There are 2 protein chains.
Amino acid sequence: MNTATAFADFRSYPLISALTAVQALADRVQVQWADGRSSPFHHQWLRDNCPCSHCVYSVTREQVLEIVDVAEDLAPASSRIDAQGCLSIDWQDGHLSRFDPGWLRAHAYDDESRAERRARRPQSQLWDSRLQLPVFEYQALMEDPQALLQWLLAVRDIGLTQVRGVPTEPGSLAQVAKRISFIRESNFGVLFNVQSKADADSNAYTAFNLPLHTDLPTRELQPGLQFLHCLVNDAEGGESIFVDGFAIADALRREDPEAFRALCEIPVEFRNKDRHSDYRCLAPVIALNAVGEVAEIRMANFLRGPFEASVDDMPRLYRAYRRFIAMTREPRFRLTRRLNPGELWCFDNRRTLHARNAFDPASGARHFQGCYIDRDELLSRILVLQR
Amino acid sequence: MNTATAFADFRSYPLISALTAVQALADRVQVQWADGRSSPFHHQWLRDNCPCSHCVYSVTREQVLEIVDVAEDLAPASSRIDAQGCLSIDWQDGHLSRFDPGWLRAHAYDDESRAERRARRPQSQLWDSRLQLPVFEYQALMEDPQALLQWLLAVRDIGLTQVRGVPTEPGSLAQVAKRISFIRESNFGVLFNVQSKADADSNAYTAFNLPLHTDLPTRELQPGLQFLHCLVNDAEGGESIFVDGFAIADALRREDPEAFRALCEIPVEFRNKDRHSDYRCLAPVIALNAVGEVAEIRMANFLRGPFEASVDDMPRLYRAYRRFIAMTREPRFRLTRRLNPGELWCFDNRRTLHARNAFDPASGARHFQGCYIDRDELLSRILVLQR
């Protein structure tokens, strides 16, 4: 039975506690576990999750049963713990379902089991100017899946990493990115070249300083990860600056809750337009998840459109926006480093704001390449490496 | 002045009504328009939106001013309507700003102006089985920007279109897609081949019927547009079926408000896993926008993980889910068509659910190619074509 459930989603579900008793109730089965926990499973839920080969196609591991094809009041004719310790149900319509106790415990939805799973969710580790920068070696990432996993966990949980020892041939970045996934293309290309250009279509392609920002706030889904790979850096200036946007939002929430609320509630438009494209996105600077945690920062002053709040909200929005920008300039939050050839930044673009000091293009060449990968691809690669 | 603001965002702002009077208040300038409207503009807003070449870099059309670098209480020394009809402001710190009246009116944020803009937002046109299918010709789309625009507006507002006369060489779809933008890659590739395969990594690549679904509900951002291009269709069966998910959600809201609420509130996990990837996304089946309109449907029964709602919510969720699936099967909503070689479907994957009847692979060959483009790229192309 363990193999039957394991092929269904490439995971194994160790036996945490054995099933000791089953009680039949009107709309559910109540099971007892050896460690004392008690978990209800509604009849509909059990029938819906039947792992048998009639209900799940083994080649694709995808469900072919649709629960609407089963009577809404279907109930077990009998339910019991079988000789292998599985929950075995004979349904009134003749179907038979067997549930591995490891799988069942991993999907139990009693309050205690749900709280346990919530507590195991990965947590962001907030940082400030004192961050011990997580540094990884190119060769190890390319060869060793465990080294790759450690890097990706740091990207996920800290949101700022550096990789060293990367070849400085143009295009090498794509090899690093492909250890995770395909690259997310944008109107700036698959790999983009960050160089000062006469016909710049973004301030990124000038020698100006760039204030702290996220990339592509003009898209509904900002890119999850951003890579910046240094090929040549002989110009004076151009240091990279980072802040943890989640740490700033967290401090703002404590120090100025009214400003925090304004940035969560009042949407702001970001715009990026050139001869061939015209991107616009209206969204708040700070996005919260379903449980009220800071989940995303969206910010690039140079891509912002005119505020379009109500007359009453406008002073509130300007006060909050000024406050947030002022905080990104506070030394307590800022980490400043010069990137050398063969080094690359990989950071969470929806959390970690990045900036660049102005540089002097007359003092020497400067050539970075960049690309994006989405958070879905990062999390998928982590899950595969953790199998 | 018109040219100065036009280069800033590639749009022109016709003069709707002339400025007739300016009144200086403590924190704002109140302007009067010839048609009687009165619009306040806060000092911070005006200074922030100064279009002069010190504040906006003309090559990139991006702002270099950061409002936090201006005193929070900066006020005009004087404000007036100049000889060209512009609002002209001499700031106390010596800076000068001039605002074109067409641009200013287009960005006014008095209640009436905001309501006017909200009313002009594109509206989804709901449809059911009686839809007069919008059909477009390949050759026209490839050659005529106005024909291209008409197609894209139908995709945006109706969410289901067909294109005819497309070459049946594999890869032709990419040429059509590129009239809009680059293609969004996924773990299934850039162009994916929909054929029955022995080693299928999705039920899509079998000959099974597929129930009504959206593609990639396992991603934080479901692909905005889906294309399905028929190269060969000699097999019996395999008809395409579509429903307007927004129309079903709208009917559900009226006919069973409790079920509608459950599908908006209780998140559901979708999963797609194979040897190389493991995608998971937890989100509600129905997403609403900031003003409570149905904005997105997320649904694929064969990619759904076990429900993980609370014990109290579980029966509520099953009742609502069953009801939604049952509605997708009602003839009043369903449009069924067989796609012929040289035809393609292009539809809003976050709104229009699609399905396929089972086909008999022994009866003849069947080969479709598909790809995705995101909504951002669709909307950008529409804005560029409308310039």
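These numbers come from a predicted model, not from an experiment. (Residues numbered from 1 in each chain as written. Chains lettered and ligands numbered in written order. Predicted model: local features only at pLDDT ≥ 70, side-chain atom pairs only at ≥ 80, totals over all residues. Heavy atoms only, no water.)

K.L.:
Give a description of the relation of the copies chain A and chain B that names residues and reports values.
P.N.:
Once chain A has been moved 0.0 Å along the axis and rotated by 180°, it coincides with chain B to within an RMSD of 0.0 Å. Both copies are brought into coincidence by an operation consistent with a two-fold rotation axis. If distances are taken from each C-alpha of chain A to the rotation axis, the shortest is found for leucine 221 of chain A, at 3.4 Å. The overlap is high: 100% of the interface residues of chain A also sit at the interface in chain B, so the same surface is used on both sides. (Least-squares fit on C-alpha atoms with pLDDT ≥ 70 in both. Contact = heavy atoms within 4.5 Å.)

K.L.:
Help me get a handle on the sheet that holds strand E7 (residues 87-91) of chain A, residues and values and all.
P.N.:
All names here are of chain A. Strands sit in the order E6-E7-E8 across an open sheet of three strands; the sheet is antiparallel. Unpaired on one side and paired on the other, strand E6 (76-81) and strand E8 (96-99) mark the two borders of the sheet. Ignoring strand direction, the axes of neighbouring strands in this sheet form an average angle of 15°. By the bridge criterion, four bridges tie E7 to E8 in an arrangement that is antiparallel. For aspartate 90, the partnering residue across the bridge sits in E8 and is leucine 96. (Pairing = 2+ DSSP bridges. Helix = DSSP H or I, 4+ residues; strand = E, 2+ residues; numbered from the N terminus. Axes fitted to C-alpha atoms, helices over the stretch in contact; angles between N-to-C directions.)

K.L.:
Which residues make up the sheet that holds strand E12 (residues 210-213) of chain B, and what are the values?
P.N.:
Residue and element names in this part refer to chain B. One open sheet holds the four strands; their spatial order is E12-E22-E15-E20, and the pairing between them is antiparallel. Looking along the sheet, the strands with just one partner apiece sit at the ends: E12 and strand E20 (335-337). Sheet twist, expressed as the average angle between the axes of neighbouring strands with direction ignored, equals 15°. The sheet contact formed by strand E15 (residues 240-244) and strand E22 (residues 352-356) spans five bridges and is antiparallel. Counterpart to serine 240 in the pairing with E22 is arginine 356. On top of the sheet, helix H8 (residues 245-255) reaches E15 and E22; it is set at about 45° to E15, its chief contact.

K.L.:
Talk me through the packing of helix H6 (residues 145-157) of chain B against helix H11 (residues 375-385) of chain B; I want residue IDs and the actual numbers.
P.N.:
In a packed pair of helices, the relevant descriptors are the angle between the two axes and the axis-to-axis distance. All names here are of chain B. Orientation of H6 relative to H11, taken along the N-to-C sense of each, is 140°, at an axis distance of 10 Å. What the angle tells us is that H6 and H11 run oblique. Crossing geometry of H6 relative to H11 is assigned as left-handed. Listed contacts from H11 to Pro145, Gln146, Leu148, Leu149, Leu152, Leu153, Val155 and Arg156 of H6 are Leu378, Leu379, Arg381, Ile382 and Leu385. Each residue belonging to the contact of H6 with H11 can be placed in one class, and the counts come to 10 nonpolar, one polar and two charged. (Parallel < 35°, antiparallel > 145°, perpendicular 65-115°, else oblique. Left-handed = near helix turned anticlockwise from the far one by under 90°. Nonpolar A, V, L, I, M, F, W, Y, C, P; charged D, E, K, R; others polar.)

K.L.:
How would you sum up helix H9 (residues 257-265) of chain A? Please name residues and give values.
P.N.:
Since one α-helical turn is 3.6 residues long, residues separated by three or four positions face the same way. Within the span of H9 of chain A, buried status applies to Ala259, Phe260, Ala262, Leu263 and Cys264 of chain A. Where the residues of H9 of chain A are buried, they touch helix H8 (245-255), strand E18 (286-288), strand E19 (294-297) and helix H10 (313-328) of chain A. (Buried < 20%, exposed > 50% of the residue type's maximum accessible area, 1.4 Å probe, protein only.)

K.L.:
Residue-level account of the confidence of the model for chain A, with values.
P.N.:
Averaged over all residues, the pLDDT of chain A equals 94, while 97% of them reach at least 70. Across the interface, the model reports ipTM at 0.93; the global pTM reads 0.94. (pLDDT = per-residue confidence, 0-100.)

K.L.:
If you had to explain the environment of asparagine 209 of chain A to someone new, which residues and values would you point to?
P.N.:
Residue and element names in this part refer to chain A. Relative to the helices and strands, asparagine 209 resides in the loop between strand E11 (192-194) and strand E12 (210-213). Residue classification places asparagine 209 among the partly exposed positions, given a relative accessible area of 45%. Sequence-distant contacts of asparagine 209, that is, excluding residues within four places in its chain, are made with Arg356, Asn357 and Ala358.

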